[in-house]
Amino acid sequence: MQLDQKILDHILNKDWEQAFKLLVKDYHQRVYWQIRRMVLIHEDADDIAQNVFIKIYQNLNSFKNESKLSTWIFRIAYNETINFIHKNAKEQNVSFEDYSMNIADDLSTDEYYTGDEIELKLQKAIASLPEKQRVVFMMKYYDEMKYEQISEILGTSVGALKASYHHAVTKIKEFLEDED
C-alpha cells in the first residue's frame, strides 16, 4: 500500500493526527522546495511551509478525495506562496515581477544559497518571467509535474500551460543570451 493511500485511510477514519504525521513526513521536502523556488529565501520558504502544513491540518476533514492528495497539497502551497509574494510586493509598492527580481538580485548574499554564477543567472531569468509563466516553468521543469497535474493545481487548460511553458523557455533563453 502506497503512503498516499495510508494517509487517505487515516483521513477517512478521521485519524487526523496519524494522517498529518505521515503527510508531513512524505510531503515536507517537496512542499518546501516548491515554495523555496518561488520565494528564493530559506526563512520565507520555511515560514510559508509551516503555514501550508497548518492550513492542511486545519482542513484535513474537508479533503474530499476528488483530486489526488498531492494536487490538493500543492494547490495549498501554491496559493500560500503567491499570496505571500503579492502581499510583500504590495507592501514594497512594486509589481510581482519587480519584487521577484529584487529577491533574485540579492540571492548571492543569502547565507543558505549554494548555487554558482550560472545558477544565479538562471534564477534571475526565472524571476524576470511573468507570474503565470514562472509558476508553470518551475512546476514543469523543477517539480517534473505533468501538465494535467499543473492544470488541476492552477485551474488552467493544458493547452494554455503548454503555451506558457514554451514562452517561459524562450524568455529564459533570451535573458541568458543577453547576459553573456
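Not measured: the values here are computed from a predicted model.

J.: Which parts of the structure should I look at to understand the UniProt feature "domain: RNA polymerase sigma factor 70 region 4 type" (unreviewed entry) in the chain?
T.: Sequence positions flagged by UniProt for "domain: RNA polymerase sigma factor 70 region 4 type" (unreviewed entry) are, in local numbering, residues 121-171. When the span residues 121-171 is considered, its composition is 78% helix and 0% strand, and the gap between its end C-alpha atoms is 13 Å.

J.: I would appreciate a short explanation of the nonpolar core in the present structure.
T.: In a soluble, globular protein the nonpolar side chains are often hidden away together inside. Within the largest apolar cluster, 60 residues are counted, with the highest numbers of intra-cluster contacts made by Leu23, Tyr27, Val31, Ile35, Ile56, Leu69 and Leu154. Residue contributions to this core peak at 11 residues, all from helix 4 (residues 69-91). Discounting residues that sit within four places of it in the chain, Leu154 has contacts with Tyr78, Lys132, Val135, Val136, Met139 and Leu161.

J.: Before we go on, may I ask you to explain the UniProt feature "domain: RNA polymerase sigma-70 region" (unreviewed entry) in the chain in this structure?
T.: In the numbering used here, UniProt assigns the feature "domain: RNA polymerase sigma-70 region" (unreviewed entry) to residues 23-90. Each end of residues 23-90 is marked by a C-alpha atom, and these two atoms are 33 Å apart; helix forms 84% of the span and strand 0%.

J.: How should I be thinking about the side chain of Arg37 in this particular structure?
T.: Considering the arrangement of structural elements, one finds Arg37 in helix 2 (residues 16-39). Residues within four places of Arg37 in sequence aside, it is in contact with Gln123, Arg134, Met138, Tyr142 and Asp143.

J.: It is not clear to me how the packing of helix 4 against helix 8 (residues 147-154) should be interpreted in this structure. Could you clarify?
T.: Angle between the axes and distance between the axes: these two values describe a pair of packed helices. Between helix 4 and helix 8, whose axes approach to 9 Å, the crossing angle comes to 55 degrees. In terms of orientation, helix 4 and helix 8 fall into the oblique class. In this structure, helix 4 crosses over helix 8, and the sense of that crossing is right-handed. Residue-level contacts link Ser70, Thr71, Phe74, Arg75 and Tyr78 of helix 4 to Gln149, Glu152, Ile153 and Leu154 of helix 8. Within the contact of helix 4 with helix 8, the residues separate by chemical class into 4 nonpolar, 3 polar and 2 charged.

Cut-offs used in this document
Residues numbered from 1 in each chain as written. Predicted model: local features only at pLDDT ≥ 70, side-chain atom pairs only at ≥ 80, totals over all residues. Heavy atoms only, no water. UniProt positions renumbered as here; feature names shortened; annotations may be inferred. Helix = DSSP H or I, 4+ residues; strand = E, 2+ residues; numbered from the N terminus. Core = buried A, V, L, I, M, F, W, Y, C linked by side-chain atoms within 4.5 Å. Buried < 20%, exposed > 50% of the residue type's maximum accessible area, 1.4 Å probe, protein only. Contact = heavy atoms within 4.5 Å. Axes fitted to C-alpha atoms, helices over the stretch in contact; angles between N-to-C directions. Parallel < 35°, antiparallel > 145°, perpendicular 65-115°, else oblique. Left-handed = near helix turned anticlockwise from the far one by under 90°. Nonpolar A, V, L, I, M, F, W, Y, C, P; charged D, E, K, R; others polar.

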